Amino acid sequence: MTYFHNIGAYFIMVKDMFRKPTKWSVMKGLILKDIDDLIIGSFGIVAFISFFVGGVVTIQTALNISNPLIPKYLVGFATRQSVILEFAPTFISIIMAGKVGSFITSSIGTMRVTEQIDALEVMGINAINYLVFPKFIALMLYPFVISIAMFLGILGGMAACIYGGFSTLEDYVTGVQLDFIPFHITYAFIKTIVFAFVLATVPSFYGFFMKGGALEVGKASTTAFVWTSVAIILLNYIITQLLLS
């Protein structure tokens, strides 16, 4: 029954997030701060992981194409498909569930422990709108992060392909351009926006409704990461089934 209670409480929190909005002069500053913390602060780790995982995908693909009858440009094709369809939107979102999700849960959970949320509610402020809504708006820029991950993943694959001697630059670029379907980019960004909503709201839920002290903040961060990852994987399956099947 706890699961059903949490699901119901989560959807009530999402509804309350849009009620009784905070003044725009205050909200603007909160949104800009969250953009800096959640989006700009994630560029480094996303760029690093994307570049090298793109290289690893290329190397593994090239090493498994041992048949001389298989053209070398398929290395670029396989790298592009892997990065755009699955690695950039889904794998990076799982990583962001750890980085961004833990940050959101711990920051809101610490406010709950130190009774700052109680103080907001006493002042007549909608605490859910004040704390969660800026994170939701900030993470609407998340597709920009994923577009950088796509670019660097393919670039990392190109670097590994050329410097590893697996194929030429011309073959790799030909493979990247081969049979390109623009809807795959649309599909990836649709997934990304849904994942951004999950990344903003699920960790916020576990931070906002936690009880206890400093130890429970750590436990809430771990729980938030687990359930955010589960939600992302389930939604990934559902969206893929709906859009690509």
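This one's a predicted model, so the numbers in the text were calculated from it and none came from an experiment.

About the criteria used
Residues numbered from 1 in each chain as written. Predicted model: local features only at pLDDT ≥ 70, side-chain atom pairs only at ≥ 80, totals over all residues. Heavy atoms only, no water. Helix = DSSP H or I, 4+ residues; strand = E, 2+ residues; numbered from the N terminus. Buried < 20%, exposed > 50% of the residue type's maximum accessible area, 1.4 Å probe, protein only. Contact = heavy atoms within 4.5 Å. UniProt positions renumbered as here; feature names shortened; annotations may be inferred. Salt bridge = Lys/Arg side-chain N within 4 Å of Asp/Glu carboxyl O. Axes fitted to C-alpha atoms, helices over the stretch in contact; angles between N-to-C directions. Parallel < 35°, antiparallel > 145°, perpendicular 65-115°, else oblique. Left-handed = near helix turned anticlockwise from the far one by under 90°.

**Description of the overall build of the protein chain**
Right, on to step 1. Along the protein chain, the regular secondary structure elements total ten helices and zero strands.
Right, on to step 2. Taken from the N to the C terminus, the helices and strands of the protein chain come in the order α-α-α-α-α-α-α-α-α-α.
Right, on to step 3. Residue burial in the protein chain is summarised as follows: out of 245 residues, 44% are buried.
Right, on to step 4. Sequence separation of at least 24 residues holds for 87% of the intrachain contacts in the protein chain that already meet a minimum separation of 6.

**Remarks on the UniProt feature "transmembrane region" (unreviewed entry) in the protein chain**
Right, on to step 1. Those residues carrying the UniProt feature "transmembrane region" (unreviewed entry) are residues 38–63, 83–104, 139–165, 185–208 and 220–239 in this numbering.
Right, on to step 2. Helix makes up 81% of residues 139–165 and strand 0%, with an end-to-end C-alpha separation of 39 Å.
Right, on to step 3. Helix makes up 100% of residues 220–239 and strand 0%, whereas the separation of the span's terminal C-alpha atoms amounts to 28 Å.

**Structural notes on the pattern of salt bridges**
Right, on to step 1. Evaluation of the coordinates by the stated rule reveals five salt bridges.
Right, on to step 2. The salt bridge involving K135 is made with D34; its shortest N-O contact spans 3.7 Å. Taken together, the residues span a long stretch of sequence, with K135 in helix α6 (residues 127–138) and D34 in helix α2 (residues 24–39) at a distance of 101 residues. Comparing K135 with D34 shows no difference in burial state: the two are buried.
Right, on to step 3. For K191, the salt bridge goes to E86, with nearest N and O atoms at 3.5 Å. In this pair, K191 is assigned in helix α9 (residues 183–208) and E86 in helix α4 (residues 74–113), connecting sequence segments 105 residues apart.
Right, on to step 4. A residue is classified by how much of its surface remains accessible, and K191, at 0% relative accessible area, is buried.
Right, on to step 5. Residue E86 is classed as partly exposed on the basis of its relative accessible area of 33%.

**Quick notes on the packing of helix α7 (residues 142–163) against α9**
For any two helices packed against each other, one specifies the crossing angle of their axes together with the interaxial distance.
Right, on to step 1. At a closest axis distance of 9 Å, the pairing of α7 and α9 adopts a crossing angle of 130°. By the angle class used here, α7 and α9 are oblique. Handedness of the crossing formed by α7 with α9: right-handed. Counted together, Y142, P143, I146, S147 and M150 of α7 and I185, A188, F189, T192, I193, A196 and L199 of α9 form the full contact between these two elements.

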